[in-house]
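Here is what each chain is made of, one letter per residue.
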Amino acid sequence: MDEGMFGYSESLSEWETLEETTLMVFSVEQIKHLIYEDDLLKNAYMLLLENALRYKIYRENGFLVENATERYIHFMKLYPEICANVKLYYIASYLGIAPEYLSRIRKNMKETKI
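Which parts of the structure should I look at to understand a nonpolar patch on the surface?
Taken together, the side chains of Tyr55, Tyr58 and Leu78 make up a nonpolar region of the molecular surface, amounting to roughly 290 Å² of accessible area. Positionally, Tyr58 belongs in helix α2 (residues 39-65). On the basis of relative accessibility, which here comes to 41%, the residue Tyr58 falls in the partly exposed class.

Okay, structure coming up:
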């Protein structure tokens, strides 16, 4: 789901996939009409929005109260399979740090056995 569902007429972001992905394109007006007409879809949509907001709050709080090492440790706990299968460049980008800095964090963690 992108910005179109929230009233934007143009996308403000780009999407890049790291594995084979199926993309579904639909008319925002038509999908909203379907959602508003069906209570089950409306409840599912509300749950989706709540989860997205919860994730956004968690992520923003991480940037406000955690340093890069703490964010990386939490990332490893939440997404161990991603840490094992994704290039460090993408993880660093997600964490908001340079890839070189992530390499230093990983080196320091090995040295201090974190």
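Read on, since the account is not over.
Honestly, the side chain of Arg71 in this entry has me stumped. Any pointers?
Tracing the chain through its elements places Arg71 in helix α3 (residues 68-78). No salt bridge is formed by the buried Arg71; its nearest oppositely charged neighbour, Glu66, is found at 5.7 Å. Setting aside residues up to four positions removed in sequence, Arg71 forms contacts with Gly62, Phe63, Glu66, Leu95, Gly96 and Ile97.

Looking at this structure, I do not really get the nonpolar core. What am I missing?
Across soluble globular proteins, you tend to see nonpolar side chains buried next to one another. By size, the foremost hydrophobic cluster in this structure holds eleven residues: Ala68, Tyr72, Phe75, Val86, Ile91, Ala92, Leu95, Ile97, Leu102, Ile105 and Met109. For this core, the secondary structure elements donating two or more residues are α3, α5 (88-95) and α6 (99-112). In contact with Ile91, other than residues within four places in its own chain, are Tyr72, Phe75, Ile82, Cys83, Val86 and Leu102.

How do you make sense of the packing of α2 against α3 when you look at a structure like this?
Packed helices, taken two at a time, are described by the angle their axes make and the gap between the axes. The interhelical angle for the contact between α2 and α3, taken along N-to-C directions, is 150 degrees, at an axis separation of 9 Å. The angle between α2 and α3 falls in the class roughly antiparallel. Across from Tyr58, Gly62, Phe63 and Val65 in α2, the residues of α3 making contact are Glu70, Arg71, His74 and Leu78. Of the residues belonging to the contact of α2 with α3, the class tally is four nonpolar, two polar and two charged.

In this structure, what is going on with the environment of Glu20? I would like to understand it.
Looking at the secondary structure, you find Glu20 in the segment before α1 (28-37). Taking the C-alpha atoms as reference points, Glu20 and Lys113, separated by 93 residues in sequence, lie 35 Å from one another.

Conventions and cut-offs
Residues numbered from 1 in each chain as written. Predicted model: local features only at pLDDT ≥ 70, side-chain atom pairs only at ≥ 80, totals over all residues. Heavy atoms only, no water. Patch = residues over 30% accessible without salt bridge, like charges linked within 9 Å, V, L, I, M, F, W, Y side chains within 5 Å. Areas by Shrake-Rupley, 256 points an atom, 1.4 Å probe, with all protein chains shown as cover. Salt bridge = Lys/Arg side-chain N within 4 Å of Asp/Glu carboxyl O. Helix = DSSP H or I, 4+ residues; strand = E, 2+ residues; numbered from the N terminus. Buried < 20%, exposed > 50% of the residue type's maximum accessible area, 1.4 Å probe, protein only. Lys, Arg positive; Asp, Glu negative; His and termini not counted. Contact = heavy atoms within 4.5 Å. Core = buried A, V, L, I, M, F, W, Y, C linked by side-chain atoms within 4.5 Å. Axes fitted to C-alpha atoms, helices over the stretch in contact; angles between N-to-C directions. Parallel < 35°, antiparallel > 145°, perpendicular 65-115°, else oblique. Nonpolar A, V, L, I, M, F, W, Y, C, P; charged D, E, K, R; others polar.

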